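Residue strings, one per chain:
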Amino acid sequence: MADDSTVRFQAAQTGLIVRIPEAERTVSAWRERFDPSARAGVPAHITVLFPFLDESRIDARVHSALTDVLGRHHAFDLRFERCGRFPGVLYLAPEPDTQLRRLTEVIAERWPEAPAYGGKFTEVVPHLTIADGQDDAVLDEIEAGLVSKLPCISRVSSVDLMVHDGVKWRERASFALCE
C-alpha cells in the first residue's frame, strides 16, 4: 500500500491524542505496514480530537485553556481485550471508553469550531487504529495474529497535542490529567 500520509495530513494540522505505549509491542509492526498515521510518526494512540485548531492558533491562551480543561479530569485505566471494525479499519477497542468520550466532548464543547473528525460522524467511537484502508482478508489476518496477545492494560494520565510539520507528526505539548 502506498504511503498516502501526505494526502491525509497537512502541515499545521493539530490533534489531541492519548498515547497507549503498552500496546506498541503488540501493534507496532501491523501499524507500520497498514496505518498511515504510524508511518507519519504517530504512536499507538486513541484520538481525543482531530482535527483540532490550526497550529497558528495554538498560543499561550490555548495552552492554558487545555491545561485547565484537561486538568479537571482524573487519570484512568483502559483495558483492550478485543478488536473492532469500521469499513476497511481494524482497531483495538478500549474498555471502558466513557472517560475518553468525555474528554472528546469537553474539548469539542470548549472549541466548537473543531468538531471531532471535522463533524463527519454523529457518534465518536474511541479506538486504537491498527490497520486502515484494507480489505477484510487482511483485517482477518491481523486480528487472528492479535487475539493471543490480548489483553493489554494502559494507564491514561495525559493528553498530547500533536502537530503535523508537513512530513511527520510531532508532539508539541502534553497536558496532565489529575491523579
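To start, this report covers the structure provided alongside it. (Residues numbered from 1 in each chain as written. Predicted model: local features only at pLDDT ≥ 70, side-chain atom pairs only at ≥ 80, totals over all residues. Heavy atoms only, no water.)

Considerations on the environment of Ala 65
Step number 1: Positionally, Ala 65 belongs in helix α4 (residues 60–71).
Step number 2: For the pair formed by Ala 65 and His 45, sequence separation is 20 residues and the distance between their alpha carbons is 22 Å.
Step number 3: Among residues more than four places away in sequence, those in contact with Ala 65 are Arg 110 and Trp 111. (Helix = DSSP H or I, 4+ residues; strand = E, 2+ residues; numbered from the N terminus. Contact = heavy atoms within 4.5 Å.)

Things to note about the packing of α4 against helix α5 (residues 98–110)
Step number 1: In contact at an axis separation of 10 Å, α4 and α5 are set at 145° when each is read in the N-to-C sense. The handedness of the crossing between α4 and α5 comes out as right-handed. Residues Ala 65, Leu 66, Val 69 and Leu 70 of α4 pack against Leu 103, Val 106, Ile 107 and Arg 110 of α5. (Axes fitted to C-alpha atoms, helices over the stretch in contact; angles between N-to-C directions. Left-handed = near helix turned anticlockwise from the far one by under 90°.)

As for the packing of aromatic side chains
Step number 1: Under the counting rule described, the total for this entry stands at 6 aromatic pairs.
Step number 2: Ring plane angle 80° and centroid distance 5.5 Å describe the contact between Phe 9 and Trp 169, whose orientation is recorded as edge-to-face. Of the two residues, Phe 9 is situated in the loop between α1 (5–8) and β1 (14–19) and Trp 169 in strand β8 (residues 169–176); the sequence distance between them amounts to 160 residues. Pair check on accessibility: Phe 9 and Trp 169 agree, each one buried.
Step number 3: Cluster of aromatic residues (ring-pair linked, three or more members): Phe 9, Phe 50 and Trp 169. (Phe/Tyr/Trp six-rings, centres within 6.5 Å; stacked < 30°, edge-to-face > 60°. Buried < 20%, exposed > 50% of the residue type's maximum accessible area, 1.4 Å probe, protein only.)

Observations regarding the nonpolar core
Nonpolar side chains in soluble globular proteins tend to be buried together.
Step number 1: Among the nonpolar cores identified, the biggest contains 47 residues, and Phe 52, Ile 107 and Leu 128 are the most heavily contacted of them.
Step number 2: The leading source of residues in this core is α4, at 5 residues.
Step number 3: Beyond its immediate stretch of four places on either side in the chain, Leu 128 contacts Ile 20, Ala 23, Val 27, Arg 31, Ala 44, His 45, Ile 46, Phe 80, Leu 90, Tyr 91 and Leu 92.
Step number 4: By size, the runner-up hydrophobic cluster in this structure holds 6 residues, among which are Phe 9, Ile 17, Met 162 and Trp 169. (Core = buried A, V, L, I, M, F, W, Y, C linked by side-chain atoms within 4.5 Å.)

Focus on the pairing of strand β7 (residues 158–164)
Step number 1: In terms of burial, β7 is largely enclosed, as 6 of its 7 residues are buried.
Step number 2: Across 4 bridges, the pairing between β1 and β7 is antiparallel. Each residue of the ladder has a partner; that of Gly 15, found in β7, is Met 162.
Step number 3: Two elements, β7 and β8, share 7 bridges in a ladder whose sense is antiparallel. Residue pairing in the sheet places Asp 160 in a bridge with Ser 174 of β8.
Step number 4: Turn length for the β7-β8 hairpin, with the two strands adjacent in sequence and antiparallel, is 4 residues, and the turn residue Gly 166 shows positive phi of about 105°. (Pairing = 2+ DSSP bridges.)

Side note on the pairing of β1
Step number 1: Counting buried residues along β1, 5 of its 6 residues qualify, which places the element largely inside the surrounding structure.
Step number 2: As paired strands, β1 and strand β2 (residues 45–49) are joined by 4 bridges and run antiparallel to one another. Its bridge partner being in β2, Leu 16 is matched across the sheet by Leu 49.

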